[in-house]
Amino acid sequence: MAGVLDTVDQRTQLVGQNRLELLLFRLSDDQIYGINVFKVREVLQCPKLTEIPQRNPVVRGIAHIRGGTISVMDMNLAMGNEPLDDIENCFVIISEYNMAIQGFLVKAVERIVNLNWENIHPPPKGAGKGNYLTAVTEVDNRIVEIIDVEKILSEVSPMQEEISAEVIRQDTVDRASTSDLAVLIADDSSVARKQIKRCVEKVGVKTHVVADGRQALDHIREIVEAGEAITDRYIMLISDIEMPEMDGYTLTASIREDPRTQNLHVLLHTSLSGVFNEAMVKRVGADNFLAKFKPDKLADLVQERVNNALEQRND
């Protein structure tokens, strides 16, 4: 298993083709789960864990790996199930989310599969709001559940979500609040949607939220096909990159290819890390890229778009 990610650097060619690779793993039962390979740095047999006082119960301990110290979370426990046993024979998936490194303890790691985002679907409606799924798919006639890692991390180690007082420009907020300016938000994580929505509305801008790239593109096309300019409805689109049905890169490229929508300002907002992101932003024509979750920077960018939009209307 040590070499399962040896060729991860070559996998960046999948980006922009509405494709992804999932690392499949199991927890305490036979259910198969998946995590995007781009978020995985390494997979290894569980090293010796050192317990730390007053830790979150989900954190089984810390591990010293390649000169660094990381927290190792029990993925099964984090999802409300029993803790994994016999952890010496378990595996740790070392991942990077929101520019932070963490380890997830899992029972077994299986293999990597190459899939199309069109075959990744939102969780069934009957799954309930309390579930930890962000999407589901099928591999070899078996259901694979893709875990909403951002939700787990928000519960174990909450991020700063409040905008600093000095960032808010009250004159901009007042102008936005009395206008019809709005932002379209596309993200498959319920936690991320709430974070972004709260941040945008804090600076006085209305929001419309969808759960994936396909929904966003359908909504945008419905507007322009009705004869309305998309830039009259929205000052910007804030989109995740990893989403069921259609990823953010493909969504952006589709927007740019249509003369009716090509002027929509697109901000790609993602927990994905890696230098390839900036290159992909340029390739698909996005206006900006922002790593999750930086409320001050996001508020700054939205306020900048507010001022630009109001100035254009006054010209």
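Everything below is about the structure shown above.
Source: prediction; values computed, not measured. (Residues numbered from 1 in each chain as written. Predicted model: local features only at pLDDT ≥ 70, side-chain atom pairs only at ≥ 80, totals over all residues. Heavy atoms only, no water.)

1. Focus: the sheet that holds strand β1 (residues 19-26)
Stated formally: Strand pairing is assigned whenever DSSP identifies at least 2 bridges connecting the two strands. Segments assigned H or I by DSSP are reported as helices when at least four residues long, segments assigned E as strands when at least two residues long, and all are numbered from the N terminus. With axes taken as lines fitted to C-alpha atoms, and helix axes fitted only over the stretch in contact, angles between N-to-C directions fall between 0 and 180 degrees.
In space, the five strands of this open sheet follow the order β8-β1-β2-β10-β9, with mixed pairing throughout. Only two strands of the sheet have a single neighbouring strand rather than two, namely β8 (108-116) and β9 (133-139). In this sheet, adjacent strand axes meet at a mean angle of 35° when their direction is disregarded. Across three bridges, strand β2 (residues 32-36) lies against strand β10 (residues 142-147) in parallel orientation. What sits directly across from Tyr33, in β10, is Glu145.

2. Digging into the pattern of salt bridges
Condition: Salt bridge, as used here: a side-chain nitrogen of Lys or Arg that lies within 4 Å of a carboxyl oxygen of Asp or Glu. Think of it in three bands: residues with accessible area under 20% of the maximum for their type are buried, residues over 50% are exposed, and the middle band is partly exposed, with areas taken using a 1.4 Å probe on protein chains only.
Applying the stated criterion across every chain yields a total of 17 salt bridges. For Arg66, the salt bridge is made with Glu42, and the minimal N-O distance between the two is 2.2 Å. One end of the pair, Arg66, is in the loop between β4 (59-65) and β5 (68-74); the other, Glu42, is in strand β3 (residues 40-45), with 24 residues separating them in the sequence. With relative accessibility at 71%, the residue Arg66 sits in the exposed group. Linking Lys197 and Glu201 is a salt bridge whose minimum nitrogen-to-oxygen distance equals 2.8 Å. Within this pair, Lys197 and its partner Glu201 are both found in helix α4 (residues 190-202), separated by four residues, close to a single helical turn. We classify Glu201 as partly exposed; its relative accessible area is 36%. Connected through shared salt-bridge partners, Glu150, Asp187, Asp240 and Lys292 make up one network.

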